[in-house]
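If you want the building blocks of each chain, they are given just below.
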Amino acid sequence: MRFRAPANVQLRRAQLILMLATLVPTVLMTGLGIVILAVGSESIGILIAGILVLTFCTTSITGYILGSIFVQRGASLARVQSDFLSSVSHELRTPLTSIRMFIETLRDERLTDPIDQRKCLDLLEQEVHRLQGLVDRLIELSRMETGKHQFERAPVSVEAVVRDALAAFDAATLSTPVLIEVELESPLFVTGDRATLAQALSNLLTNAWKYTPAEDKRISLRASPHGTKYVEIVVADNGLGIPRDERKHIFDKFERGRSAIASRTGGVGLGLATVRAIVRAHRGRIELDSKPGRGSVFRILLRRLPPEQAANAEQPERDRPAAALPA
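Quantities reported herein were computed from a predicted structural model and do not represent experimental measurements.

Basis of the calculations
- Residues numbered from 1 in each chain as written.
- Predicted model: local features only at pLDDT ≥ 70, side-chain atom pairs only at ≥ 80, totals over all residues.
- Heavy atoms only, no water.
- Helix = DSSP H or I, 4+ residues; strand = E, 2+ residues; numbered from the N terminus.
- Buried < 20%, exposed > 50% of the residue type's maximum accessible area, 1.4 Å probe, protein only.
- Lys, Arg positive; Asp, Glu negative; His and termini not counted.
- Salt bridge = Lys/Arg side-chain N within 4 Å of Asp/Glu carboxyl O.
- Polar contact = N/O pair within 3.5 Å; in protein donor to acceptor, adjacent residues only side chain to side chain.
- Contact = heavy atoms within 4.5 Å.

Caption draft 1: The arrangement of unusual backbone geometry in detail. The phi dihedral of Glu-109 is positive, around 55 degrees, even though this residue is not glycine. Relative to the helices and strands, Glu-109 is located in the loop between helix 2 (44-107) and helix 3 (114-145). Relative accessible area serves as the criterion here: at 63%, Glu-109 is assigned to the exposed category. The residue Arg-283 is not glycine, and still its phi comes out positive at about 60 degrees. If you trace the backbone, Arg-283 turns up in the loop between helix 8 (271-281) and strand 6 (285-291). Residue Arg-283 is classed as exposed on the basis of its relative accessible area, which comes to 73%.

See the structure below:
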């Protein structure tokens, strides 16, 4: 079987061949055109020939630049795909290894006590659910990023989104509840999908809870108008913080900061990637302001529904007070 170089390597080779085949002859012909113009300034025919040579060289250089840009983008995409496959393989390997180990243990009858067998089966089921959850999140994120996820487009109360996010956060942090400081300016409405917007906020709250010291967690959630066209939703914490050189990639799939890895906090790096995909699908933007050791501030900006349309939207039920709420 013949070995084939990876796609990014082949594209880099194509870029080198393009340079040698196009750029080098073009440079030589440019020099020739300049000489013709300098020597044959009294002859109109030679002058035209020199201009045509220079025009051809300019076109060739432009074609080389454009071709090089497209080849470079292709190489970058191939590298991202390769890194993504490597990350997926790494994250899938752990639960698959555990599942294989438990199956071998049961198959070889190494456990004779029914209680131990039951524990082994429970752990096996837990790893299967973990694997299924990871695959489901990957599929959902992929559908969001490729535009295949069907987002609902309807008037949504920001208060209702916050309430749903807090409910999901409550369920995820039952073991160690924490006080969330909530500040809402009502009424605020946006157009979008209530469930996924709540998921984005819940992911930000859960991240803040995971990466904030247990003894002094301070997490806040604030929603307010941002000018006349936008709604600003801010999630702030006093956690580990994110260094400047990591902020550019922190929203990529399977990307986790050095501090998060060093703290041995569980996670696979899909939460913030999902948040970004949801916000982009709603034609909004997400911003990050963070200082290592002093916490992070995630800011979501969504287009605000005009007042005349918001007035016709159904007002949400106020099941929670818009104050400091236990989570």
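Caption draft 2: Representation of the side chain of Asp-193 in the model. Topologically, Asp-193 is positioned in the loop between strand 3 (189-192) and helix 5 (194-210). Despite its burial, Asp-193 pairs with no opposite charge; the closest candidate is Arg-153, at 7.8 Å N-O. Within polar-contact distance, the side chain of Asp-193 engages the backbone nitrogen of Glu-152 at 2.9 Å. Each residue touching Asp-193, except ones within four places of it in the same chain, is listed here: Gln-150, Phe-151, Glu-152 and His-282.

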